[in-house]
Amino acid sequence: MAESTSTSEAVSYGYEGDVALVCVDNPPVNATGIAVRKGLVDAFQAINDEGKAKAIALYCAGRTFIAGADIREFGGPRLEPSLTDVCNSLEQSEIPSVSIMHGTTLGGGYETALATHARVALKGSKFGLPEVLLGIIPGAGGTQRLPRLSGIPFTLDIAVSGRHATVEEGVEKGAIDRVVEPGDPREIAIAMGKEVIAGTLPTRRTGEIDVTPDDAAIEGALAMVQKKNPHLINLAACVNSIAASTKPLKEGLAVERENIMRCMESPQRSGLIHAFFGERAVSNIPEAKGDTRPLDKIGVIGGGTMGSGITTSCLMAGIPVRLIEVQQEGLDRGVATITKNLDGAVSRGKMSQDKRDAALAMLEPSLEMGDLADVDLVIEAVFEKMEIKKEIFGKLDTICKPGAILASNTSYLDINAIADMTNRPQDVLGLHFFSPAHVMRLLEIVQGAKTAPDALATGFALAKKLKKVGVLAQVCDGFIGNRILGHYGKVISYLVLDGASPAQVDQALENFGMAMGPHKVGDLAGLDIGYMTRQRRKEEGLPANERYGGDIADLICEREGYGRKTGKGYYLYETGAPVPNPAVEEIINEVRADKGITPKDFSEQDIIDRYMTAFISEAARVVEDGTAKRPVDVDMVFLFGYGFPRHRGGPLHYADTIGAAELVRRIETYAKEDPNYWQVPPLLRKMAEDGTKFADMNS
Ligand code: 3H9
């Protein structure tokens, strides 16, 4: 503990001359759990009672000033004092106070700083009100006090986006009083306390300042959130609270409180917090820890879309790449794609021109596989054919240095069969990137039967370097994501075959929160991809999707077009915005008549229920057979690789909101129509019987 007197296990205070120092020490991020809240109130009270100090300086031990409320407490019993009470009590201190902000001063942490009488931040640190990203709003006075310092427009910007701002911007907007050179927060606290006493650092109670109304900014923000993310209830609640900041503080705080309570009770809050912890949980496993191998130079085989995306991602992370192609034309195309990707990153503000130039200088294109002799890791990203992959891995075995990791970016194929082509199966694993690989954050790390622990841990180290979310998967057809997709993809076809229109299915799933319905996605990606796969399967004598067979999509390709790129698919794109293609209705009717199907009506809820039940069924099997380690791993695969709505937390977090018993009941009902497709996974049946939830399997 940094100071001599403790008021709780997380807060202590002491004196340096006339300056009282209050220290919060609650690792890892000094979140305002109950010990911090109680300790802060008691420390400020004691200092005021003791009457020895002329200024109070609040600082934190460790890597950061308070980074927010303790979100692990959310959803549990209410523990007094609330953070709002703490902030009100700090603001009322008779002795003037100052907060010393270092690291990331976020959410409840910044709200605490707003309640002290001045804010000083260390250069290079960040601040913000990111509560909306967790499904709530700033609920300890942030929506009321920040407008008093910086006005309504800046508060809307910070609190509705949840972005982390630089402290320099904070000074410019009046949200922070001063930025100082980095140093020991305690030393800075003493110096700033002295300045408060000397009057060179002015102090005042934020809550006593008036706010200038700005109806236009409020209306603009409401329209923007409605357009950008109509599903999230907390964004409008945040704007509504900021609008109330023109009222006296007490009244404004009451509006804020009512709004945050509504958000706290919403399943959106639980989904978004599950996503926050899930992102961290996927790599918090023994397989991701321990010794790793070097990652100083990477080889990528294949300059197509995937290979170029993977190369871009590595270059952006500062890792030199040797890119291998068989022909000059392919190599040139790959280099052109990578250059375009990097230029795109510059224009989107993701990297500077200098960094882009430096990244491109780290690219070494080559037509010689032999040039992979000195790389630490090779990622093969060629055409999805087992024979080609086997040939490449056989060659890599003779070319690569001992200890080099040999990875395949395959989406479906058996990593063990690929590893068997080498004399070093312990060095082989799957690294399944998602397209566009330099943008999508998911990386499935596929463990082969013989993959060595340090090779696997290096896969996670790579994910971290690339700022991706690495998820462990075991070998099976499609691993976690594509295997589940393969199953629920069929239900979309069945819904259309049995009576729903493609537009109705799309609308229902968009209302559920998907960014785009599956038929619009098909049109965008190009219907020819699936068409060609089905044709090839037919030619190879492989079974088609048993009940559907792809007939509707095949006829659309043959008679209408391949989707957006040809102007016609499930939708027409003549005017830009997609309009349902009337010819598709005729095709669907023709196929239904051909199969003797009498169409049924499906409500929006029916569509969502069937889709999600199919999704959850296969996800349950993936957990049951160990392809995914835990339900949370499945959830993160879909949030970061497939655009599943984040506020739903992932398919298995969502499953817990329905309950296993109801899911079993649904499957048994649907099975009356199609017992082959609808089968109850044993895990789900067991859960229905013993009342367990997927969340219980996450620890
Ligand atoms: C709020 O303040 C509400 C109020 O307005 C009103 C309430 C009434 N609580 O991310 P890292 C853990 S809402 C509990 O790996 P980094 C995290 O799980 C809050 N735990 O480190 C991890 O644990 P583990 C508003 C938290 O350096 C460890 O700390 N604030 C919290 O990459 C390290 O985290 C936010 O939304 C928390 N609030 O990033 C900020 N935060 O080691 C959320 C973190 O067991 N936090 N943990 O896996 C962040 O954005 C990042 O954690 C931060 C550090 C930038 C701070």
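Look up: the structure comes first, before these words.
First, a word on scope: everything that follows refers to the structure included in this document. (Residues numbered from 1 in each chain as written. Predicted model: local features only at pLDDT ≥ 70, side-chain atom pairs only at ≥ 80, totals over all residues. Heavy atoms only, no water.)

1. A short note on the overall build of the protein
So, point 1. When you go through the protein residue by residue, the secondary structure sums to 27 helices and 20 strands.
So, point 2. Relative to the compact-globule value of 27 Å for 699 residues, the protein shows a C-alpha radius of gyration of 29 Å, a close match.
So, point 3. Expressed along its principal axes, the backbone C-alpha trace of the protein runs to roughly 90 × 60 × 55 Å.
So, point 4. Classification of the 699 residues of the protein by burial places 55% in the buried group.
So, point 5. Here the protein has roughly 29100 Å² of accessible surface; of this, 52% comes from carbon and sulfur atoms. (Helix = DSSP H or I, 4+ residues; strand = E, 2+ residues; numbered from the N terminus. Rg over C-alpha atoms; globule rule 2.2 N^0.38 Å. Buried < 20%, exposed > 50% of the residue type's maximum accessible area, 1.4 Å probe, protein only. Areas by Shrake-Rupley, 256 points an atom, 1.4 Å probe, with all protein chains shown as cover.)

2. As for the sheet that holds strand β12 (residues 321-324)
Within a beta sheet, neighbouring strands are joined by backbone hydrogen bonds and run either parallel or antiparallel to one another.
So, point 1. Pairing is mixed across the open sheet formed by eight strands, whose spatial order is β13-β12-β11-β14-β15-β16-β17-β18. Of all the strands in the sheet, the pair left with one neighbour each is β13 (363-366) and β18 (469-474). Taking the axes of each pair of neighbouring strands and ignoring which way they run, one obtains an average angle of 25° across the sheet.
So, point 2. Examined bridge by bridge, strand β17 (residues 442-447) and β18 share six bridges and lie parallel to one another. In the sheet register, isoleucine 445 faces β18, and the bridge partner there is leucine 472. (Pairing = 2+ DSSP bridges. Axes fitted to C-alpha atoms, helices over the stretch in contact; angles between N-to-C directions.)

3. A word on the pattern of salt bridges
So, point 1. Tallied over the full model, the rule gives 46 salt bridges.
So, point 2. Residue glutamate 287 pairs with lysine 629 through a salt bridge whose shortest N-O separation is 2.8 Å. Taken together, the residues span a long stretch of sequence, with glutamate 287 in the loop between α10 (267-281) and β11 (298-301) and lysine 629 in the loop between α23 (604-624) and α24 (631-641) at a distance of 342 residues.
So, point 3. On the accessibility criterion, glutamate 287 (21% relative accessible area) is partly exposed.
So, point 4. The class for lysine 629 is partly exposed, based on a relative accessible area of 37%.
So, point 5. Where glutamate 673 meets lysine 600, a salt bridge forms, and the shortest distance between an N and an O atom there is 3.4 Å. (Salt bridge = Lys/Arg side-chain N within 4 Å of Asp/Glu carboxyl O.)

4. Looking at the site of the ligand
So, point 1. In the neighbourhood of the ligand, 25 residues make up the surrounding shell, with Arg63, Gly108, Glu111, Glu131 and Arg280 lying closest.
So, point 2. Between the ligand and alanine 69, the relevant distance is 2.8 Å, taken from an oxygen atom to a main-chain nitrogen or oxygen of the residue.
So, point 3. Between glutamate 131 and the ligand, the recorded distance is 2.5 Å, taken from a side-chain N or O atom to an oxygen atom.
So, point 4. Protein contact buries 75% of the 1000 Å² of open area that the ligand shows by itself.
So, point 5. Sorting the residues of the shell around the ligand by element identifies β6 (104-106), α3 (108-115) and α10 as the ones contributing at least two each. (Near = heavy atom within 4 Å. Polar contact = N/O pair within 3.5 Å; in protein donor to acceptor, adjacent residues only side chain to side chain.)

5. Description of a nonpolar patch on the surface
So, point 1. A grouping of Met516, Val521 and Leu524 is seen on the molecular surface, where their side chains present a nonpolar patch of about 230 Å² in accessible area.
So, point 2. With respect to the element layout, methionine 516 can be found in the loop between α18 (502-512) and α19 (518-525). (Patch = residues over 30% accessible without salt bridge, like charges linked within 9 Å, V, L, I, M, F, W, Y side chains within 5 Å.)

6. Some thoughts on the nonpolar core
The nonpolar side chains of soluble globular proteins are, as a tendency, buried together.
So, point 1. The biggest cluster of nonpolar side chains holds 96 residues, and the ones touching the most others in it are Leu396 and Val634.
So, point 2. Of all the elements, α23 adds the most residues to this core, at eleven residues.
So, point 3. The residues contacting leucine 396, other than those within four sequence positions of it, are Ile301, Met369, Leu372, Val378, Leu406 and Arg424.
So, point 4. Counting 69 residues, the second-largest nonpolar core is a separate cluster that includes Val41, Ile158, Val167 and Cys238. (Core = buried A, V, L, I, M, F, W, Y, C linked by side-chain atoms within 4.5 Å. Contact = heavy atoms within 4.5 Å.)

7. Things to note about helix α14 (residues 386-399)
So, point 1. Over its 14 residues, α14 extends 20 Å from the first C-alpha to the last, a length consistent with the 20 Å expected when each residue adds 1.5 Å.
So, point 2. Listing the buried residues of α14 in full gives Met386, Lys389, Ile392, Phe393, Leu396 and Asp397. The arc that holds the buried residues of α14, viewed along the axis, is 145°, so those residues lie on one side. Of the exposed residues in α14, the ones pointing more than 90 degrees away from its buried face are Glu387 and Thr398. (Expected span 1.5 Å × (residues − 1). Arc of directions from axis to C-beta.)

8. A look at the environment of glutamate 187
So, point 1. With respect to the helices and strands, the residue glutamate 187 is situated in helix α6 (residues 185-198).
So, point 2. Residues glutamate 187 and proline 81, 106 residues apart in the sequence, show an inter-C-alpha distance of 30 Å.

9. Focus: the packing of aromatic side chains
The way to describe two aromatic rings as a pair is by their centre distance and the angle between their planes.
So, point 1. A complete count under the given rule lists 16 aromatic pairs for this structure.
So, point 2. An aromatic cluster is defined as three or more aromatic residues linked by ring pairs; in this entry it consists of Phe434, Tyr488, Phe512, Tyr611, Phe615, Phe638, Tyr642, Phe644 and Tyr654.
So, point 3. The lysine or arginine in question, arginine 280, covers the ring of phenylalanine 276, its NZ or CZ lying 3.8 Å from the ring centre.
So, point 4. Geometry around phenylalanine 512 places arginine 648 over its ring, the cationic atom sitting 4.1 Å from the centre. (Phe/Tyr/Trp six-rings, centres within 6.5 Å; stacked < 30°, edge-to-face > 60°. Lys NZ or Arg CZ within 6 Å of the ring centre and 35° of its normal.)

10. Re the pairing of strand β3 (residues 19-24)
In the case of a regular strand, side chains alternate between the two sheet surfaces.
So, point 1. For β3, a buried count of six out of six residues is recorded, marking the element as mostly surrounded by other parts of the structure.
So, point 2. Of the two faces of β3, the one lined by Val19, Leu21 and Cys23 and the one lined by Ala20, Val22 and Val24 are each fully buried.
So, point 3. Relative to β3, strand β2 (residues 11-16) runs antiparallel, the two being bridged by six bridges. The residue of β3 that forms the bridge with tyrosine 15 is alanine 20.
So, point 4. Between β2 and β3, which pair antiparallel one after the other, the connecting turn spans two residues, and glycine 17 there sits at a positive phi close to 60°.
So, point 5. Bridge count between β3 and strand β4 (residues 55-60): six bridges; the pairing is parallel. Among the inter-strand pairings, cysteine 23 is bridged to a residue of β4, identified as tyrosine 59.
So, point 6. At this point the chain moves from β3, through helix α1 (residues 34-50), to the parallel β4, and the crossover so formed is right-handed. (Right-handed = clockwise from strand over helix to strand, strands pointing away.)

Geometry only, nothing functional implied.
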